[in-house]
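The primary structure of each chain is shown beneath.
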Amino acid sequence: MKKLLLSFAMAAGLMSAKAQSDYNSAIGLRIGGYYDLVSASYKTHVTKPGALEFNLGFRGYRGGGIDWVTAAFSAAYQHHFEIKPVPGLRWYVGGGLTAYNSFSDYEELRGFGLGIFPTGGIDYKFEKIPLNLSADVRPTFGIVDPFDNDIYRGYRSFRGDNFGISARYTFR
């Protein structure tokens, strides 16, 4: 993960020597994650360092003759810190909540879920174009989990592999 974040930071720095981190809001797509593979992403700054990010998405599954879909909503607070050598590049930490529902013909794979997560990542805003890129990690702890039943006992109550990348159109 450290190599991925460092590579992203270096690539962002090479793309634009003059970048700007000031934007009020941004809307776009987030790809990755466990409960929502593809989601709409909206990020808005509530203070200069503080932002809220909201995601609404879905993920389809198919395996062993069973099909199911998960719809998910997540909200997170992110506190940003400048990375001085590269204008427009910031790292952030925070936390959030995810709520999801799994739909399936198989009873053990459907139902409501709720989880909490710490988050950390990097955020880059280009100066000359209204584009924001970010990469994050969200290890999620299940509070309520539809998969935590006799068949899947505890199997999915922690998801450490919850990574994502986002591209958003920015507004001032």
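Residues numbered from 1 in each chain as written. Predicted model: local features only at pLDDT ≥ 70, side-chain atom pairs only at ≥ 80, totals over all residues. Heavy atoms only, no water.

Along the chain, the regular secondary structure elements total one helix and 10 strands. Split into buried and exposed, the 172 residues of the chain put 44% on the buried side. Put simply, the chain shows about 8,900 Å² of open surface, and 67% of that area lies on carbon and sulfur atoms. (Helix = DSSP H or I, 4+ residues; strand = E, 2+ residues; numbered from the N terminus. Buried < 20%, exposed > 50% of the residue type's maximum accessible area, 1.4 Å probe, protein only. Areas by Shrake-Rupley, 256 points an atom, 1.4 Å probe, with all protein chains shown as cover.)

Here we take up the nonpolar core. Grouped together as the largest cluster of nonpolar side chains are eight residues: Tyr34, Tyr35, Tyr61, Trp68, Ala72, Tyr100, Leu109 and Phe147. Judged by nonpolar contacts, the second largest core, of five residues, contains Val86, Tyr124, Phe126 and Leu133. (Core = buried A, V, L, I, M, F, W, Y, C linked by side-chain atoms within 4.5 Å.)

Our focus in this paragraph is the pattern of salt bridges. Going through the model one piece at a time under the given rule, you end up with eight salt bridges. Arg30 is paired through a salt bridge with Asp136; the nearest N and O atoms lie 2.6 Å apart. Of the two residues, Arg30 is situated in strand E1 (residues 25-32) and Asp136 in strand E7 (residues 131-137); the sequence distance between them amounts to 106 residues. Across the pair, exposure class does not vary: Arg30 and Asp136 are buried alike. Lys43 serves as the salt-bridge partner of Asp123, at 2.9 Å between the closest nitrogen and oxygen. Here Asp123 is found in strand E6 (residues 111-125), whereas its partner Lys43 is found in strand E2 (residues 38-45), with 80 residues between them in sequence. Put simply, Arg30, Glu53, Asp136, Arg138 and Arg168 are held in one network by salt bridges that share partners. (Salt bridge = Lys/Arg side-chain N within 4 Å of Asp/Glu carboxyl O.)

Right, let's get into the pairing of strand E3 (residues 50-63). Relative to E3, E2 runs antiparallel, the two being bridged by eight bridges. Bridged to Ala40 within E3 is Leu56. Between E2 and E3, which pair antiparallel and follow one another directly, the connecting turn spans four residues. (Pairing = 2+ DSSP bridges.)

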